[in-house]
Amino acid sequence: MAATPIAVVTGASSGIGAATARQLAASGYRVVLTARRKDRIEALAAELTEAGHQATAYALDVTDRAAVDEFATAFRGLAVLVNNAGGALGADPVATGDPQDWRQMYETNVIGTLNVTQALLPALTASGDGTIVILSSTAGLSTYEGGGGYVAAKHGEHVLAETLRLEIVGTPVRVIEIAPGMVRTEEFATTRFRGDTDKAAKVYAGVEAPLTADDVADTINWAVTRPSHVNIDLLVVRPRAQASNSKVHRTA
């Protein structure tokens, strides 16, 4: 009997990461949930196990390279890596943006993705059929006012995916980039505005049906489960109400 394929999902404690873990588990993967919040991923692992799936929780900060390297020693073969850990901080213009916010966003979105990808690439290659998913953003493809730091980080993540694909072509590893537009999750905007729920709510005010975490997870799951010879290089997914980062239809 063939071993159950393993999928690692970073940032799996909430939102898109948690939703992706649920969908990959339902697709037959043994999911390894990583995030800094140990209690959250342990609760999710218990939920998935009770539902008859295979799941393991592993507390991990993707910006801690030593911890990431230690985590990687657990794997000989690995089918899927979903680089989801990331996020935004602040919405200040470039002229007054906090360099520490920019640094933290770069460390999490870019260096964190680099750390985990480098550490797990040997296991993905050894599997003979590996897939790396990088969850970027439409912010990595075009800019918008007040988003300079986040846009810069996501552009970096987009370039990481594009360059890696060039460098490992011919190996048995795919590189898939999923770039969501407006997604309403329980934490993204609230974290960006440091707990200011009023500011967070305004992001989605009047927008009919922004994307949900499940919408993006469904897209990731679909891309990962394509036949091995099919690579979804870059998939942009937005709600119907959003035409671009700066053009959103609002009813009020």
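The model shown is predicted, which means the values in this text are computed figures rather than measured ones. (Residues numbered from 1 in each chain as written. Predicted model: local features only at pLDDT ≥ 70, side-chain atom pairs only at ≥ 80, totals over all residues. Heavy atoms only, no water.)

With that settled, the discussion passes to the packing of aromatic side chains. The final tally for this structure, using the stated rule, is three aromatic pairs. Note on phenylalanine 71 and phenylalanine 75: the rings are 5.2 Å apart at their centroids and 75° apart in plane angle, and the pair reads as edge-to-face. For phenylalanine 71, a relative accessible area of 2% translates into the label buried. Each member of the aromatic cluster is reached from another via a ring pair, and the members are Tyr58, Phe71 and Phe75. (Phe/Tyr/Trp six-rings, centres within 6.5 Å; stacked < 30°, edge-to-face > 60°. Buried < 20%, exposed > 50% of the residue type's maximum accessible area, 1.4 Å probe, protein only.)

To continue, consider the nonpolar core. Ranked by internal contacts, the top residues of the largest apolar core, which has 36 residues, are Leu24, Tyr29, Val31, Leu33, Ile178 and Ile220. Not counting residues up to four positions away in its chain, the partners in contact with valine 31 are Ala7, Ala21, Leu24, Ala25, Leu48, Gln54, Ala55 and Thr56. Among the nonpolar cores identified, the runner-up in size contains 33 residues, and Val8, Val32, Ala123 and Leu164 belong to it. (Core = buried A, V, L, I, M, F, W, Y, C linked by side-chain atoms within 4.5 Å. Contact = heavy atoms within 4.5 Å.)

Now for the side chain of glutamate 177. Among the structural elements, glutamate 177 can be located in strand β6 (residues 173–180). Of the side chains bearing the opposite charge, arginine 165 lies closest to the buried glutamate 177, which forms no salt bridge; the N-O distance is 4.9 Å. Side-chain polar atoms of glutamate 177 contact the side chain of histidine 158, separated by 2.8 Å. (Helix = DSSP H or I, 4+ residues; strand = E, 2+ residues; numbered from the N terminus. Lys, Arg positive; Asp, Glu negative; His and termini not counted. Salt bridge = Lys/Arg side-chain N within 4 Å of Asp/Glu carboxyl O. Polar contact = N/O pair within 3.5 Å; in protein donor to acceptor, adjacent residues only side chain to side chain.)

Now for the pattern of salt bridges. Enumeration over the complete set of coordinates arrives at eight salt bridges. Here arginine 22 and glutamate 47 are joined by a salt bridge, their closest N and O atoms 2.8 Å apart. You can see arginine 22 sitting in helix α1 (residues 15–26) and its partner glutamate 47 sitting in helix α2 (residues 38–50), a full 25 residues away along the chain. In this structure, the salt-bridge partner of aspartate 233 is arginine 165, at a minimum N-O distance of 3.7 Å. Of this pair, aspartate 233 sits in the loop between α8 (213–224) and β7 (234–237) while arginine 165 is found in helix α5 (residues 148–168), placing the two residues 68 residues apart along the sequence. The exposure class of aspartate 233 is partly exposed, given its relative accessible area of 38%. Residue classification places arginine 165 among the buried positions, given a relative accessible area of 18%. Among the ionic contacts, a cluster of salt bridges with common partners joins Arg37, Arg40 and Glu187.

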